[in-house]
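A look at the structure
Here are the chains, one letter per residue:
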Amino acid sequence: MTRKIGALRLAVWLAVSVVAISACTSGSGGGNSSSSDGSGGLPAVSTPGKVITQTLENVKGKKVRMVLLSDANALQQSWIDRAKIGFDESGVDFEYTVSNYDNQVLAQQVQTVIDQKADALIVQNSDVSGLASLIKKAQDAGIYVIVLNLGSNAQSDAFVGPNWDGMSAKLATRVADDCTKKGNKEVAIISGFGSDSGSVLAVQGATRVFKDKGMKIVATQPGQYDPSKAGDVARTLLQQNPNLCAFLGNWDGMMLGVSKVVHDAGKDGDIGVYTMDSSIGACKAISEGTLTAAVNYGGGTAMGDSAVAITQYLMQGGVKAGSSKTAVFTATTIIDKSNADEPGSCYDTPPGWSKK
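What you see is a predicted model, and the numbers here were worked out from it, not measured in a lab. (Residues numbered from 1 in each chain as written. Predicted model: local features only at pLDDT ≥ 70, side-chain atom pairs only at ≥ 80, totals over all residues. Heavy atoms only, no water.)

1. Overview of helix α8 (residues 227–240)
The end-to-end C-alpha distance of α8, which contains 14 residues, comes to 20 Å, matching closely the 20 Å that a straight helix rising 1.5 Å per residue would cover. Among the residues of α8, Ala230, Gly231, Val233, Ala234, Leu237 and Leu238 are the ones counted as buried. Each buried residue of α8 sits inside an arc of 160° when the element is viewed along its axis, so together they form one side. Of the exposed residues in α8, the ones pointing more than 90 degrees away from its buried face are Gln239 and Gln240. As for α8, its buried residues are in contact with β6 (186–191), β7 (216–222), β8 (246–249) and α9 (252–264). Looking at where α8 begins, the residue whose side-chain oxygen comes 2.8 Å from the main-chain nitrogen of Ser228 is Asp226. (Helix = DSSP H or I, 4+ residues; strand = E, 2+ residues; numbered from the N terminus. Expected span 1.5 Å × (residues − 1). Buried < 20%, exposed > 50% of the residue type's maximum accessible area, 1.4 Å probe, protein only. Arc of directions from axis to C-beta. Contact = heavy atoms within 4.5 Å. Polar contact = N/O pair within 3.5 Å; in protein donor to acceptor, adjacent residues only side chain to side chain.)

The structure is reproduced here in structure tokens:
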């Protein structure tokens, strides 16, 4: 299984690397590129050494700004860590800010990036429409916009994250199969904010599968990506639905609050708790039997590296900001007791992590 997980991550990285390498020889338009013909500033034929030298010259000093909802979790910490490493090695001027889940602050921080005339913006979106106008405004100002993890209705230059619908459907299939074996059909869905793409698509994918499998969805409620609030929701649902078979949610940090409620009620094993993302806390809970399964979607590994690669591709590929739209979906693997203890199943806060 370790080899399987490693192979999935390698496949994602190789796919993104091919895109990044292609930037050395392809592209169209002007934008922020160092080459007006869209070639990224590299000749059609060149030695590998000269490619390195010229590529580094093309991106050196370019400004990349990352705006996130938080840096208090291993997920966002991993993105920042990988971005720091990747951009520092290329001589890119990289900084990040966080909004602490305040949508107004998030919008202000994006506006600041526009005012700073950055070359690229990497942003974690909290609402499918909340930043739509600012994303378009940034692109109109010549800034490449890379949306991370939670998509927007406004199409950015690139989206990097999981296929939330497909990932949720995969996990819901596992839930339905486990519950069917128990002879129980009652399930509950706990989403994040409710209006973010992760919530919307996760609910969509899970609902479709549950209906197809003949499951009874007793409730679909937001947990605000907060373990305490999600736990309160779960506690109420347990009281109202004594025959509940499982909870499905779309972030492990939140669902660990649900697993605690189930554990405190003495229902471990009777009521399954299933989630997306796989930080070290999820693997520990799975090993202890309080969490049933989680989906590893490369949040703490492939996603940060992919964002760096695509950002560098855009900055040197000669494509005008806003003129090209693409998406890279990270691979997904279900983690349960059979593989939770294997290296690579879950991720932790990056070694030596420190803010700024």
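Text resumes after the structure shown.
2. A short note on the pattern of salt bridges
Under the criterion given, the structure shown has 10 salt bridges. One salt bridge connects Asp305 with Arg82, and the closest N-O pair in it is separated by 2.8 Å. A residue pair is termed long-range when its members are at least 10 positions apart, and Asp305 in helix α11 (residues 302–317) and Arg82 in helix α3 (residues 74–90) qualify at 223 residues. A cluster of three or more residues bridged by salt bridges with shared partners is formed by Arg65, Asp93 and Glu95. (Salt bridge = Lys/Arg side-chain N within 4 Å of Asp/Glu carboxyl O.)

3. Points about the sheet that holds strand β5 (residues 158–161)
Whenever strands of a sheet pair, they do so through backbone hydrogen bonds, lying parallel or antiparallel. Within the open sheet, the 6 strands sit side by side as β2-β1-β3-β4-β5-β11. Their pairing is parallel. A single partner strand is all that each edge strand has here, and the edge strands are β2 (93–98) and β11 (326–329). Mean inter-strand twist for the sheet, computed between neighbouring axes without regard to direction, equals 15°. In the packing of α3 onto the sheet, the strands contacted are β1 (63–68), β2, β3 (120–123) and β4 (144–148), and the crossing angle to β1 comes to about 175°. (Pairing = 2+ DSSP bridges. Axes fitted to C-alpha atoms, helices over the stretch in contact; angles between N-to-C directions.)

4. Observations concerning the packing of aromatic side chains
Using the criterion set out here, one finds 6 aromatic pairs in the structure. Judged by centre distance (4.9 Å) and plane angle (85°), the rings of Phe193 and Tyr225 are edge-to-face. Here Tyr225 lies in the loop between β7 and α8 and Phe193 lies in the loop between β6 and α7 (197–212), a separation of 32 residues in the sequence. Phe193 sits in the partly exposed class, given a relative accessible area of 21%. Taking relative accessible area as the criterion, Tyr225 reaches 11% and is therefore assigned buried. (Phe/Tyr/Trp six-rings, centres within 6.5 Å; stacked < 30°, edge-to-face > 60°.)

5. Overview of the pairing of β1
By the criterion of burial, β1 is predominantly enclosed, with 5 of the 6 residues buried. Where β1 meets β2, 6 bridges bridge the pair, whose relative direction is parallel. Looking across to β2, one finds that Arg65 is bridged to Glu95. With α3 bridging β1 and its parallel neighbour β2, the resulting β-α-β unit is right-handed. Two strands pair when backbone bridges link them, and β1 and β3 are joined in this way by 4 bridges, in the parallel orientation. Counted as the bridge partner of Val67 is Val123 from β3. (Right-handed = clockwise from strand over helix to strand, strands pointing away.)

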